[in-house]
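One-letter residues, chain by chain:
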Amino acid sequence: MVRVTCLGAAGTVTGSNFLIETPQGTKVLVDCGLFQGGKELEGRNWQEWGFDPKQIHTLFLTHAHIDHSGRIPKLVKDGFQGRIITSPPTAELCRIMLLDSAHIQEMDAEWQTRKNRRQSRGEILPLYTTEDAEASLKRLFPVERDQIVEAEPGVKARLRNAGHILGSCILELWIDTNENEPIKIVFSGDLGKKNQLIVKDPHEVFDADYLFMESTYGNRLHRSLDESKEELLEAIRYAFSHGEKILIPAFAVERTQEIIYLLAEFHRAGLLPDIPVYLDSPLAIKATEIFRRNRKYYDEEASAIAARGHDPFDLPNLHFTESTRQSQSINEATGSAIVIAGNGMATAGRIKHHLKHNLWRQGASVVIVGFQAVGTTGRKIVDGAKQVKIFGENVSVKAKVFTIGGFSAHADQKDLMEWVAHFESKPRVFVIHGERTASEALAQKIRDLLQMETYLPKWKERLVLRAREVAVEAPAAAEAPPDVQTAMLNLIVDLENELKLLRKGIRSEGAQRRLSEDDLDRLRYIRGEIQAALSGLQDSAP
């Protein structure tokens, strides 16, 4: 049997991290993301791993977003020396994103240390350093999508396009067991929606025994792209008519490039006012250059724009503001401007300065174009807060807030259902990477419409996966069937007696020292078989 421990993105959107243990004792990881969204959740980043990083030789990374990659430097710091298998664009993006994340960790620790010294308290160390991030980059092992690789003895893998951001992947795993056939496990990664800008649609997968399925927007439907474009133009025109700024908190990777792509489209169509557009994020500026270099991963529409001699990520009034001084000058200047800055949830980065200077100004626009986790500044603004705390100061929310779901890089409920419906094998679906209400809604839809078994894992829960049963046709001249009913009833009597003995043994003195998690997993396995038998009886009941 194969064990999967859900160490992140279970009951929450962030911190994606899954430990897989094979029957041969091999341990591999899927993702190693940072927890984001409030002190309690972010406190998990400092906790013990739940495994020894030195014993892990392979990490599969589905994409570069920090909630999937952001703890890799800490993993390396704590002893990981294996390979990080990922797509070439993801490897490129991680080279800038992990260094940026390390810089933020160092700056936050330095700020907290200065604050502590004023209160005669101790030094705060960063979660990891730039040196740790640089060491982690040496572990990256880019693999092109759509080819099967043997990652470990008994573990084969293939990356498929997830359509979420540049380089994002679905992960297919084949794990050898003691059975005739390997267990196939699919991790959806973060799935993009159909007809998303720049990147191709998610790859369709048809077979798996078990599916770990994201559910970020499992209970929501996005607006259409055309409606979202019109709403973005409305936000721009509103602030422009009042001589105020349009603030767009955006993640450095994908969302920023999509916004620039659309603004360039508006410009070519004569719809964009003649105002400056500032890309105020050194990280996003570097990411945009990576997008420009990776044209072979574009979808047909973006490829066609490039083929006509246009740069999909350029327009005449676009300014890259790399230095702190250039960023400060944006708020010193009067008049309307579009400001795109990170981070996307307004929890860190230059967007916090822009919000401090403009959120209280009537006539300004704040455009929310991505998912906002519970506890973040962006989520508070979306939820209608009258004030939010920025740099320790309460700032009134007087700007007009536009929440545009159609630009999300995540599939909505309809897209997710269409993607999972392609599985002809009816896998058991573990619904992950979503807030509880979103995950529950998607799981219910999958059960009701697709008749697939679903389960919502809890944080740190260990799942025991067994090989899928294979149906065998009876021979033409079959022998008379045995009295299965009597045999099962006799077996249940034996099981009941043995369970009584087992209960007595567990309660006996000294049992605690002899019991292990392997014993617990054996019981879980037996329980799973009993539940399968019960399910079969219920399905066949008149």
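Thresholds, definitions, all that
- Residues numbered from 1 in each chain as written.
- Predicted model: local features only at pLDDT ≥ 70, side-chain atom pairs only at ≥ 80, totals over all residues.
- Heavy atoms only, no water.
- Pairing = 2+ DSSP bridges.
- Helix = DSSP H or I, 4+ residues; strand = E, 2+ residues; numbered from the N terminus.
- Contact = heavy atoms within 4.5 Å.
- Axes fitted to C-alpha atoms, helices over the stretch in contact; angles between N-to-C directions.
- Salt bridge = Lys/Arg side-chain N within 4 Å of Asp/Glu carboxyl O.
- Buried < 20%, exposed > 50% of the residue type's maximum accessible area, 1.4 Å probe, protein only.

Concerning the sheet that holds strand E9 (residues 169–175)
In spatial order, the strands read E7-E8-E9-E10-E11-E20-E21; together these seven strands make up an open sheet with mixed pairing. Both outer strands of the open sheet, strand E7 (149–152) and strand E21 (454–455), are each paired with one neighbouring strand and no more. Two strands pair when backbone bridges link them, and E7 and strand E8 (residues 155–161) are joined in this way by three bridges, in the antiparallel orientation. The residue bridging Glu152 from the neighbouring strand is Val155, located in E8. Helix H13 (residues 413–420) contacts E9, strand E10 (183–187) and strand E11 (210–214) of the sheet and is inclined by roughly 165° relative to E11. Against the sheet, helix H14 (residues 436–450) contacts E11, strand E20 (428–432) and E21, and its axis sits at roughly 160° relative to E20.

Quick notes on the pattern of salt bridges
Under the defined criterion, the tally for this structure stands at 25 salt bridges. Arg237 serves as the salt-bridge partner of Glu230, at 3.3 Å between the closest nitrogen and oxygen. Under the relative-accessibility criterion, Arg237 is labelled partly exposed at 38%. With a shortest N-O distance of 3.3 Å, Arg379 and Asp383 are connected by a salt bridge. For Asp383, a relative accessible area of 57% puts it in the exposed group. Taken together, the shared-partner salt bridges in this structure form one network comprising Asp146, Arg158, Arg160, Glu172 and Lys184.

Treat this as a map of the structure, not an account of what it does.
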